[in-house]
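Fold and contact review
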Amino acid sequence: MRVLIRFSVFVLFATLLQGFFDGKESARAQESATQVTVPGTDDLSWLEAYRAAAEERWAKSIAELEALDKAEDDPSDAILFIGSSSIRRWEDLSVDMAPYRTVRRGYGGARFSDVAIFAERLIHPHQYRALVMFVGNDVVGKPTDRTPEELEQLVEYVVGVSHQHSPGTPVFIIEITPTDARFPAWPKIRQANAILRDISLRTADTYFIPTAGIFLRPDGSPRSELFAEDRLHLNEQGYDLWSIVIRRRLDDVFRLIAESESKSAKTTLAASGPAGN
């Protein structure tokens, strides 16, 4: 047990350290990043190809989320979490992410194509301090997996919807988790994670949250003790570790944003000269 605890602490520290360096890299990349516009605004035919399947499977779930939007009075400084079942099942989100206030809008086994179809309905009802997104079903080792090109286009679209709705508000993309149930597809999932990370690095106000390290043993296999019986979804211990990494990433980025804004204000004040001149 003592060895397991030490290993968990070591892995968590290593993951947080990776997040720190990713944060520094993101901060440098943000200086040259360009704002993503919603691709295909004039021609959404590429997106329409996904609509029928998404509507057939998820129309009821989205209607239920929209009912929550009408019933709940969400704070404008909340962190909006959207995505697939790992978000939907995170019942202790508000406790785990404290002191951040949160809004949870996850559903079923959604893919990025589903999130893209419903992006405006998921995002537009809310004002938020940041958007956090986790979707883990686009690459699972089946013939229906999204291609790298499809995944990139879909993710950029969702990010763009958020940036158009709330300019300057950060978007966080959580790394896809390595699980026993889908570990045969892990090499392809890692490629998908590389795409998510690349989008984050080259897109203004967009940040990657690396989490995979905390779910892997030293031999590179998934840590089964962090998952539910289905070997796919997180258990309570898994969510505890996930929340630590996600919360720390939010802390780091918000601190960098505050430092940048403070520096900009001081530069503006210095450029204006002494008061009264």
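None of these values were measured; they are calculated from a predicted model. (Residues numbered from 1 in each chain as written. Predicted model: local features only at pLDDT ≥ 70, side-chain atom pairs only at ≥ 80, totals over all residues. Heavy atoms only, no water.)

**Observations concerning the environment of Glu236**
Note the following rule: The helix and strand labels rest on DSSP assignments: H or I over at least four residues marks a helix, E over at least two residues marks a strand, and numbering proceeds from the N terminus.
Position of Glu236 relative to the elements: it lies in helix H10 (residues 236-272). Distance from Glu236 to Glu91, taken between C-alpha atoms, is 9.9 Å for residues 145 residues apart in sequence.

**What to know about the pairing of strand S4 (residues 171-174)**
For the record, the criterion: For every residue, the accessible area obtained with a 1.4 Å probe (protein chains only) is divided by the maximum for its type, and the residue is called buried under 20%, exposed over 50%, and partly exposed between those limits. What makes two strands pair is DSSP finding at least two bridges between them. Here, the term right-handed applies to a crossover whose path from the first strand over the helix to the second runs clockwise when the strands point away from the viewer.
Here S4 shows a buried face lined by Val171 and Ile173 and a second buried face lined by Phe172 and Ile174. Across three bridges, the pairing between strand S3 (residues 130-134) and S4 is parallel. Note on S4: the bridge partner recorded for Val132 is Phe172. Traced from S3 through helix H8 (residues 148-165) to S4, the parallel crossover comes out right-handed. In this structure, S4 lies alongside strand S5 (residues 206-209), joined through four bridges in parallel fashion. Within the sheet, the bridge partner assigned to Phe172 lies in S5 and is Tyr207. Handedness of the crossover is the feature at issue here: the chain leaves S4, passes through helix H9 (residues 186-202), returns alongside S5, and the resulting connection is right-handed.

**Details of unusual backbone geometry**
Following Ala98, the chain continues to Pro99 via a peptide bond in cis, the omega torsion being 15°. Position of Pro99 relative to the elements: it lies in the loop between helix H5 (93-96) and strand S2 (102-106). The phi angle at Asp205 is positive, at roughly 60°, despite the residue not being glycine. Relative to the helices and strands, Asp205 resides in the loop between H9 and S5. The backbone of Arg231 shows a phi angle near 60°, a positive value even though the residue is not glycine. As for its placement among the helices and strands, Arg231 is situated in the loop between S5 and H10.

**Here we look at the packing of H8 against H9**
Put simply, the test is: Structural elements are reduced to axes, namely lines fitted to C-alpha atoms, with helices fitted over the stretch in contact, and the angle between N-to-C directions of any two is expressed from 0 to 180 degrees. If an angle is under 35 degrees, it is roughly parallel; if it is over 145, roughly antiparallel; if it lies from 65 to 115, roughly perpendicular; otherwise it is oblique. Take the far helix as your reference; a near helix turned counterclockwise from it by less than a right angle gives a left-handed crossing, and one turned clockwise gives a right-handed crossing. Contact definition: two residues touch when any of their heavy atoms are within 4.5 Å. Residue polarity follows a fixed list, in which Ala, Val, Leu, Ile, Met, Phe, Trp, Tyr, Cys and Pro are nonpolar, Asp, Glu, Lys and Arg are charged, and the others, Gly among them, are polar.
Relative orientation of the contacting elements H8 and H9 amounts to 40°, with a least axis distance of 10 Å. Considered as vectors, H8 and H9 are oriented oblique to each other. In this structure, H8 meets H9 at a crossing whose hand is right-handed. Mapping the contact onto sequence places Pro148, Leu151, Glu152, Val155 and Glu156 in H8 and Ala192, Ile195, Leu196, Ile199 and Arg202 in H9. Taken together, the residues of the contact of H8 with H9 sort by class into seven nonpolar, no polar and three charged.

**Description of the sheet that holds S5**
The strand order across the open sheet built from five strands is S2-S1-S3-S4-S5, with neighbouring strands paired in parallel fashion. One side of each edge strand has no neighbouring strand; the edge strands of this open sheet are S2 and S5. The mean inter-strand angle of the sheet, taken between neighbouring strand axes irrespective of direction, is 20°. The strands touched by H8 are strand S1 (79-83), S3, S4 and S5; relative to S4, the strand with the most contacts, the crossing angle is about 150°.

**Let's talk about H10**
Cut-off, in case you're wondering: For a helix, the expected span equals 1.5 Å multiplied by the number of residues minus one. For this analysis, a polar contact is any N or O atom pair within 3.5 Å, provided that within protein one partner can donate a hydrogen and the other can accept it, and provided that sequence-adjacent residues contribute only side-chain to side-chain pairs.
The end-to-end C-alpha separation of H10 is 53 Å, in line with the 54 Å expected for 37 residues at 1.5 Å each. The set of residues buried in H10 consists of Gly238, Tyr239, Leu241, Trp242, Ser243, Val245, Ile246, Arg249, Leu250, Asp252, Val253 and Phe254. Capping the start of H10, Asn235 holds a side-chain oxygen 3.1 Å from the backbone nitrogen of Gln237, two or three residues further along.

**Observations regarding the side chain of Glu156**
Inspection of the secondary structure puts Glu156 in helix H8. Here Arg202 takes part through its side chain, which lies 2.7 Å from a polar atom of the side chain of Glu156.

**What about helix H3 (residues 51-71)?**
Three or four residues apart is the spacing at which side chains of an α-helix point the same way, because the helix has 3.6 residues per turn. Defined as follows: The angle between axes fitted to the seven residues ending at a residue and the seven residues starting there is what we call the bend at that residue.
Of all the bends in H3, the greatest measures close to 65° and is centred on Trp58. Elements that come into contact with the buried residues of H3 comprise S2, helix H6 (112-117) and helix H7 (119-123).

**A short note on the nonpolar core**
The tendency in soluble globular proteins is for nonpolar side chains to be buried as a group. The condition that has to hold: In this text, buried Ala, Val, Leu, Ile, Met, Phe, Trp, Tyr and Cys residues form a nonpolar core when linked through side-chain atoms within 4.5 Å.
Counting 46 residues, the largest nonpolar core has Tyr107 and Ile123 as its most contacted members. Ranked by residue count, the leading element in this core is H8, at seven residues. When sequence neighbours within four positions are dropped, the list of residues in contact with Tyr107 reads Trp58, Ser61, Ile62, Leu65, Gly83, Ser84, Ser85, Arg88, Asp114, Val115, Phe118 and Leu122. Residues Leu93, Phe227, Val245 and Leu250 belong to the second largest nonpolar core, which totals 27 residues.

**A look at the pairing of S1**
Of all five residues in S1, five are buried, a share of seventy percent or more. As defined by bridge partners, S1 adjoins S2 across five bridges and the pair is classed as parallel. Bridged to Phe81 within S2 is Arg104. In terms of strand pairing, S1 meets S3 through five bridges, oriented parallel. Of the residues in S3, the one forming a bridge with Ile82 is Met133.

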